[in-house]
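Residues per chain are reported as follows:
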Amino acid sequence: MSRLTTPVAALTLKNPVICGAGEHTMTARAIEAALATGAAAVVAKSTNESLAAKQQLDKTDYALLDAAWNRLPWDFEPPADAILMGRSGLLQRDFEPWLDELVRLDRSAAQQDAYVIPSLILSDLDQCVAYAQQIEQAGLRVLEVNIGAPHGEEAAKGAIRLERGAERIEMITRRLREATSLPLWIKLTGQSEDVVALAEATQRGGADSVVMMGRFMGFLPDLETGAPLLGTSAAIGGGWALPLTARWLMMTRRRLGRDFPLIATNGARNGLDVARFLLAGASATEMTSAVFTGGYAVLERAIEELDAYVARRGVSVCELLGQAADQVQTYQEQASRPGHWERFAPLS
Ligand SMILES: Cc1cc2nc3c(=O)[nH]c(=O)nc-3n(C[C@H](O)[C@H](O)[C@H](O)COP(=O)(O)O)c2cc1C
């Protein structure tokens, strides 16, 4: 146990920094590089049975942008406020050899007190359930299932399902729960009016944790060409998303209680962001774009930054969990300050 140790239901993570799934967790070499940083877990690039989802990987494209929407170079040293727009696809490997490789990687991760986590993206539910069972039988120790990937509505029909209905989410989670006794993390969309209700549905369905929340879809006209940047709508993320994710975390913690662990994704760029998500109620944070665009050292730095923050405050990660969420006030509870607004307006 150290001051960074964080429980996620029955699991104990050595720290709250998880390398989230993406093109930087696609190969054994890449997963090993992510593990070598000291991250508590690495989520492998997602897979499913859909040929169309695999083919989509050949149509991926990505753009880094500054805050005024100018394109930035892809040099693995992006500024802290860089925005990533992109179109992604799924792993192109066959399921069985991929599974064997992950089992081998997870065995060596276990020696470093870490986890390699397989990730499924929902297409056909029966097939997803069958894969979940195979993953457990093969000896992996955790399962993440993404049922809210942002590309769901742009990708070929059925290739990637974006679930937004609480009833369906509860049913899908329950089917997976009945099929496997592995720690089950359900990853949700953020493109919903009520992410709390979706998180609650995963809890009712028997998930061990909910990962929240997926990125949004955006559309950016290019001023030079007059055409859409990257040619299509695309998923968009950046540090700006952190407060949006943090608010849903805070509200979910308040609705579902302290015993249902939440995992953050969408907006963390460094170790202080991991601390922000902890304070908002996330037991751990998945970092993806920051690693994809900045390299694996981002993870190592994040752990160091978080450790320095925790040390400075003289607390442990567990003591920070939900601290801000538990203090949130209503607008009505704020002290009345007549005329205060005049200090902020250009004219009064
Ligand atoms: C290039 C790229 C590929 C991604 N691929 C996957 C994936 O295969 N499975 C998945 O569950 N999420 C995937 N994601 C979503 C991320 O894991 C993460 O949830 C999202 O980018 C928000 O977190 P971030 O702000 O740390 O990037 C991908 C994201 C990016 C940028």
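As a reminder, the structure under discussion sits directly above these lines.
Residues numbered from 1 in each chain as written. Predicted model: local features only at pLDDT ≥ 70, side-chain atom pairs only at ≥ 80, totals over all residues.

**What to know about the pairing of strand β11 (residues 184-187)**
For step 1, the next point in the chain: Where burial is concerned, the two faces of β11 agree: the one with Leu184 and Ile186 and the one with Trp185 and Lys187 are both buried.
For step 2, the next point in the chain: The sheet contact formed by strand β10 (residues 143-146) and β11 spans four bridges and is parallel. Pairing of Glu144 across the sheet is with Trp185, part of β11.
For step 3, the next point in the chain: Regarding topology, helix α5 (residues 166-179) serves as the crossover connection from β10 to the parallel β11, and that connection is right-handed. (Buried ≥ 20, exposed ≤ 12 C-beta atoms within 10 Å, placed from the backbone. Helix = DSSP H or I, 4+ residues; strand = E, 2+ residues; numbered from the N terminus. Pairing = 2+ DSSP bridges. Right-handed = clockwise from strand over helix to strand, strands pointing away.)

**Concerning the environment of Leu105**
For step 1, the next point in the chain: Examined against the element boundaries, Leu105 turns out to sit in helix α3 (residues 95-111).
For step 2, the next point in the chain: According to the C-beta neighbour criterion, Leu105 is buried, with 21 such atoms within 10 Å.
For step 3, the next point in the chain: Separated by 77 residues in the primary sequence, Leu105 and Ala28 have C-alpha atoms spaced 7.3 Å apart.
For step 4, the next point in the chain: When near neighbours in sequence (up to four residues on either side) are disregarded, Leu105 contacts Ala28, Ile31, Glu32 and Val116. (Contact = placed C-beta atoms within 7 Å.)

**Here's the deal with unusual backbone geometry**
For step 1, the next point in the chain: A cis geometry characterises the amide bond from Met212 onward to Met213, with omega recorded as 10°.
For step 2, the next point in the chain: Here Asp113, not a glycine, exhibits a phi torsion of approximately 60°, which is positive.
For step 3, the next point in the chain: Here Asp113 shows up in the loop between α3 and β8 (115-117).
For step 4, the next point in the chain: For Leu230, which is not a glycine, the phi torsion comes out positive at approximately 70°.
For step 5, the next point in the chain: The class for Leu230 is partly exposed, based on 17 C-beta atoms found within 10 Å.

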